[in-house]
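Residue strings, one per chain:
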Amino acid sequence: MDVTVKIKRYNPDAERPQVEWQEYPISIDENATVLDALIMIREEVDGTLSLRCSCRSSICGSCAMRINGHAGLACKTKASESIDAAGIILVEPAGVMPTVKDLVVNFDLFWQKIEEVEPYLKPEVPEPEAEYIASNESMLHLSGVTACIMCGACVSDCTVLEVDPTFLGPAALAKAYRFTADPRDGDANGVSRDRLAKLGMPSGMWDCTRCNECVQACPKGVAPMDRIMAMRDQAIEAGFNNNNGARHTEAFTESVGHTGRLDELRLPMQSVGMTNISALMGFMPVGWRALTHGKLPPLIHKNVEDVETIRRLFRKLDN
Amino acid sequence: MLEHEVLIVGAGLAGMRAAIAARAGGANAAIISKVHPVRSHSSAAQGGINAALTDRGDDWEDHAYDTIKGSDYLGDQDAIEVMCRSAGQSLIDMEHMGVTFNRDEEGKLGTRAFGGQRRARTFFVGDFTGQALLHVMFEQLIKSGVQRYEEWFVTSLIIEEGQIAGVTALEIRTGKLHAIRAKSVIFCTGGCGRLFEPSTNALIVTGDGMALAYNAGAKVMDMEMVQYHPTTISGSGVLLSEAARGEGAYLRDKNGERFMEKYAPNMMELASRDVVSRSEQTEINAGNGVNGCVLLDCTHLGEKLIMEKLSQIRELGIDLTGKDMIKEPVPIRPGMHYLMGGIKTDIDGQTNLPGVYAAGECANVSVHGGNRLGANSLLDTIVFGERSGAHAAYFARGQSYINVNENEVVAREEHRLQGMLDRPDNGDRWGKIRLAMGDSMNRNVAVFRDKEGIEETIHELQELKTRYGGVPVHNKGKVFNTDLIFALELGFMLDCAEAIAVSALERKESRGAQFRIDYPSRDDENWLKHIVVSQGEVGPELSNLPVTITKWTPEERKY
Amino acid sequence: MKYAFYPGCVSQGGAPELYPAAQMICQRLGIELEEIRAWTCCGAGVMQEKNQLFGDTLNARTLAKAEQLGMTIMTICSTCQGVMGQANKRMQDPGYLSEVNSYLAEESLEYKGTAEIKHLLWILIEDYGLENLAPYITRSLGNLRIAPFYGCYIVRPTEALGIEEHPERQTSLETLIKSIGAVLVDFAGKTRCCGFPILTINEKNSMAMVGKHTSEAKDLGADAMVTPCPLCHLNLDGFQPKASKQIQRPIDLPILHLPQLIGLAMGISPGELGLKKHIISTTPLELKLGAGSR
C-alpha cells in the first residue's frame, strides 16, 4: 500500500528553527499502523525524525500524537483508515504541550498537574493486616479509570487547556476521580472530603466545558469527562455545592423537574447565586442587549402540558 | 557534581521498588531512566502476580515446588524460597498501596489459574496487571520524593581503581552529557528482547544494563535460557496473555484438535511455557498449523468473562489481527518474550562487582532457572527490587564517594560519542544490523537449536559486530537524538546476543527453555549447573556455578 | 417527508429567531413538521451531570412519542442532537431500557428503542438530498465566505452520532456550505468548543474560546460563521462583544443559524429570517449579499 506521511517537523538545533512540513512517500503493509509507518521512516528513510514510541501495543502511552488533526495513539491507528483522498496521512505532535522536536512534546505541564492531585492512595482509617475488603464491582469500576496509560491524548485536545493552561485538565481530574471513587481512600465510608474540597476550587472539576474531546481522544476508554461529571456529583453529595457550577447544575435540574422546560431567564442568575449582587449586575449589559434585540427569554416561564407527570417522575428519581 | 548514595538505573517495577526501599533505608537515592517511568516495559505484563496466601490454605512451599519444577531444576532453591516466602506480604503491600486487584464474592483478592501451577494463586487486574502495578508503584515513587532523572540515557559506567564510582548519562531532551557519582548502582534495566525478531518486547528493551555491567566485569548467567511465549501475534510479535489459557482457552491445530493432549496430558494448555511453545512449534513444523500459527480459541468463554477479565487482549486481537476472540479463534505462535538469564546476583541483588547490584529481568538470582512460570516475573521484580534497594542503602552507609574527575570523564565520553556522529554516512544503518541479528537469533537460538545453527549465529554476530563499528548516525543534533541512542543500544544488544549464543552452544543438553536437537535429553549428571559468561580479554569466557539445592531433589519433569 | 419536530428550549427562548426560520425553510422545501406534543427539555448535558437517569427518562418519553408517531425526530440544535443520541445509545442496553420503561409505565408509555434522531443538517444531506435542494437555491452566494462551527455535541462522541455508518456527517456542514454556492472558510476551531457550558462558571475561559474561534475565522476572511447549535450561537453572537473586549481586538463576525443561511440562499429576506435579532450586526453581510435590509 502506497501512502504519503506528511509530518510537521521542528528542529531546535537548526540555525533558524522553524516549523515545516515534510512529506515521506512510502510503501507499507495493508495492516500497518501509523506507528509502523513512522518507524519505517526513521529506520530506513530519515534517521533525524524524532518521536517517542515503545510497546507498539497501546500500553506504554508513548506515541500519542495528532493524526489528521485529532489526538490518538499512533500504534492503535490503522494507516489504511487514516489516508485522505490524496493518499496523505497528516501527522503532528500532540497539542497544548510545547514541541521539543518533531513529534516529541514537553510533558512537564502534564506531570505537574498529575502531581497536583496527590495521586496516591490516602486512607484515613488504619490499614488492615490483610487486604482491604472491597467489592469486585468497585474494583472493576476503578480499573476502568486506572486503564489510563498517561498518554496525553486527552490533554492534547482539551478545549479548555487550549485557552487556559491553569486548568487541571482531563488526565489529572480522571486520576483524581480514581481516588475519590476508591472505597479505601478517604474516611471510613470511602468519602475523600479533602480531595473533593480542593478539586472544587477554580481551575478544577467545575471548569470542564463538557466538549467530549477527551472522551473521543482517549485510546483506552477512560472517558475522562464522564469521570469529571461523576466527581461533580460526589462533590455535591459531600456538601460542596457553594459554587457556580454546582448551583448551575442544580438549578437546571430543578427547573426541568418542575416545569418540563428550562427557565433560561432565571438560570444564569441562580447559577451565580440570587444574592450575588455584583455578578447579577454584570449581567445587565448582556441582558439589555438581549432585551433590545428581542432575545430576552420570557419573564413568565410556562409549564409543559403534562407537567404533573414530570413532577411525579422528578420526585421519584431525584437523588 | 551530581551525586547520590544509591543510583538506580531503570524505572520499571524493580527499579522503582528498589528506589523506594533505598530511600526508606535512609539513603540519598535517585532513579535514572531513558524513558518516563510509566513507559517502562513492566506495563506490558498482562496476566498477574503469584503469591501463596496462608490464610487461604495455600503453602509457599507448594509455590516454591511449582517454581523449581518450572525452572527444570536449574533455579537456585534458596532464592526461590526467599521469593515464595515473601510473596504473600509483597502482594498485600501492593494492595495497600492501592492496586485495584480483582476480587472474589467475599471482596477478598481473587485468583486465576496460571501455567505450571497446580493451584490458582495468580492475583490479577483484568489482563493488564503489569500496567496496574507499574502505575501504582510510580504513585508511590512520587510520594517518596526520590530524585528522578527522566529521559536520561546511561552511556557508560565510571570505574575508578576497579570500583564503581558512578555513571555518565545523556540528558536526552537537551543532548547534554552528565556525570553522576554514586556509592552504589542498581541495574534494573530489564531484558534484551529486541535482539530477537520478532519479540513481544517493546522497542526500549535492549539489554543496556546487562551489557554495561557485563563489560565492566560482572558475571552473567544462564543466558541461553530464553523464553518463547506460546501465544504471540504473528508479525508484530505482540503478546496475548497466558491469562486467556488461565481462564480456560484452548489451543487448536488446523483441524480443531487440542494438540496439547499429546504433550502434556495433565496440565494441557497450562503446562509450563517452554513445553507449550515446543509443542506448538512441533505442530507447526509438521504442517498442522495455519499460516505458521496455531489457534487460540476463547469462543467458549463467553462475552461477559472476556470483557471482564481479558478485555485488553481482545482489543489487541481486533487491532492487530482483525479477529474478535469472542466470536472466532485468534492465530498465534511462539515468540521471544523473556530472558531467564542475566547478571548473576545473590539474594540481596549483589553482583560480583562491589557496589553493583541488579534486580528484575536483567538480574539472575536465579529464581527462574531454565524456564520462568507466568506471573512469577512481577513477583521477582518486587521482592528483589526491595531487597536490592534495602541492601544498597545499607552498603552505601559504610562507603565514601570515590573521587571522579568530572570534566575529564565527561570530555572523554563526549569525544567518544562525537566520534560516532562523525562517522561517514555510508555504513549499514543500525536498523539493518539489528534486523540481521534478530533474524539470526530467531532462526538458530530459538525454540529448537543445534550446534551448526548456533555456530552459524555466533559467526554472523561476529560479522555484525564488525559492521557495527561503522554504523552511521544521521542525526547530528543535540536535542532528542534518538538516532544516536539507537546506535548505542545496538552495541549493548550485540554484546548480550553473543553471551546468549555462546551459552547455548556450551550447554550440551536440553533443559527448560533450551532444547538441543543434538542433545534432546536432560543430563543432570553433567549439566545440573549454571553456565556463567564473563567478558574476557579476547571475548566471552565461560565458567560454571553450582545450583543451590535445599529441599527438592531434581526429578523428571512432566506435565 | 414528515418529521417529529423537536425544537428544543433555546430556539424559542434565548435564540427565538431560530424556530420561525427553521419552520419557514422546511415549509418551503416541503418538509412537514409535526411538533412532538408536550416535549420536555433534553437536559443539555447539564441535567445529566446531576441526574442521568432522570434525563434519560424524560428523553425516553420524547423518543417513545416519536415512535408512536412513526416518524424520525428532527432536531435543530447540536446539543439536543448529541444529548438525545447519547441517551438513545444507553437505552440500547435491554436491561437499562426496561428500567427506564418501568418509570414510563404509569403513563402507558413504552420506548422500544427504535427511534431515530436526525439534525436538520443531516436530513437535508441524507434524506432530502442536496441535488433536490439545488432548485430552491435561487440567490447566488458566490462571493460570500462562510466558516462552519459545528458545536461539540454534533461531532463527539462519534459512537452516539452514527458516524461509523455515516462518516460524511463529520464534514456535513462544510458540504452544505459549498452546495448552496458559498465559499467555504476552513479553520482549526470548527469542531472546538464555543465555551457556552462554562459561561457562568469561568467567564474568562468562555470568552477566550469565543474570541479565539471567531477571530481565527475572521482573519481567514470569513464574512460570517454558520452554526447548527443555538447554544453556540448564544455565545458566539450574544457574547461576542464581551469576548472582543477581553481579547482586545474588534471581531464583528456575524453568526448565522443553519436555517438562516439556507434561507438566504433560497432568496428569503434577512428580516424574515430574524437577522435583526442578532447582537452582532449582519448588515455588512447583507450588503455583500446585495440582499437589502428588509
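If you're wondering where the values come from, they're calculated on a predicted model, not measured in any experiment. Within each chain, residues carry numbers counting from 1 in the order of the written sequence. In the order they appear in the text, chains get letters beginning with A and ligands get numbers beginning with 1. Totals for whole chains, interfaces and linings use all residues, but because this is a predicted model, local features are given only for residues with pLDDT of at least 70 and pairs of side-chain atoms are given and counted only at 80 or more.

Draft legend 1. Molecular detail of the overall build of chain C. Of the regular secondary structure elements, chain C holds 13 helices and 8 strands. For a compact globule of 294 residues, the expected C-alpha radius of gyration is about 19 Å, and chain C comes in at 19 Å, within 12% of that figure. Over its C-alpha atoms, taken along the principal directions, chain C stretches across nearly 55 × 45 × 35 Å. Three exposure classes are used, all based on how many other C-beta atoms lie within 10 Å of a residue's own C-beta (placed from the backbone): buried at 20 or more, exposed at 12 or fewer, and partly exposed between those limits. Per-residue burial over chain C gives 59% buried out of 294 residues. C-beta atoms are first placed from the backbone for all residues, and any pair lying within 7 Å is then listed as a contact. For chain C, the share of sequence-separated contacts (at least 6 apart) that also reach a separation of at least 24 residues comes to 80%. Numbering of helices and strands starts at the N terminus; helices are DSSP runs of H or I of at least 4 residues and strands are runs of E of at least 2. When we talk radius of gyration, it's over C-alpha atoms, and the globule rule is simply 2.2 Å times the number of residues to the 0.38.

Draft legend 2. Region of interest: the interface of chain A and chain B. At the junction of the two partners, chain A supplies 42 residues and chain B supplies 48 residues. When residues of the side of chain A that touches chain B are traced back to their parent elements, those giving at least two are helix H1 (34-45), strand E6 (99-101) and helix H3 (136-146) of chain A. Ranked by residue count, the leading element in the side of chain A that touches chain B is H3(A), at 6 residues. Taken together, the residues that form the side of chain A that touches chain B break down as 20 nonpolar, 12 polar and 10 charged. Polar here means any residue outside two lists: the nonpolar Ala, Val, Leu, Ile, Met, Phe, Trp, Tyr, Cys and Pro, and the charged Asp, Glu, Lys and Arg; Gly therefore counts as polar.

Draft legend 3. Looking closely at the nonpolar core. All names here are of chain B. Each nonpolar core comprises buried Ala, Val, Leu, Ile, Met, Phe, Trp, Tyr and Cys residues, the members being joined through C-beta atoms within 7 Å. The biggest cluster of nonpolar side chains holds 383 residues, and the ones touching the most others in it are Val 6 and Ile 186. The element contributing the most residues to this core is helix H15 (residues 482-506), with 17 residues. When neighbours within four sequence positions are excluded, Val 6 is seen to be in contact with Ala 22, Ala 27, Ala 29, Ala 182, Ser 184, Ile 186, Ala 392, Ala 393 and Ala 396.

Draft legend 4. Structural context of the sheet that holds strand E4 (residues 111-112) of chain B. Ordered by their spatial adjacency, 3 strands build an open sheet running E3-E5-E4 (chain B), and the pairing between neighbours is antiparallel. Each end of this open sheet is capped by a strand with a single partner; those strands are strand E3 (49-50) and E4 of chain B. Strand pairing is assigned whenever DSSP detects at least two bridges linking the two strands.

Draft legend 5. Layout of the domain arrangement of chain C. All names here are of chain C. A domain assignment, automatic or from a database, supplies the domain bounds used here. Parsing chain C into structural domains produces domain 1 (2-119) and domain 2 (137-289). Measuring from the centre of the C-alpha atoms in domain 1 to the corresponding centre in domain 2 gives 24 Å. Between domain 1 and domain 2, the contact holds 23 residues from the first and 25 residues from the second. Elements with a minimum of two residues in the side of domain 1 that touches domain 2: helix H1 (18-29) and helix H4 (78-90). Top element by residues in the side of domain 1 that touches domain 2 is H4. It accounts for 8 residues. For the side of domain 1 that touches domain 2, the per-class residue count stands at 11 nonpolar, 9 polar and 3 charged.

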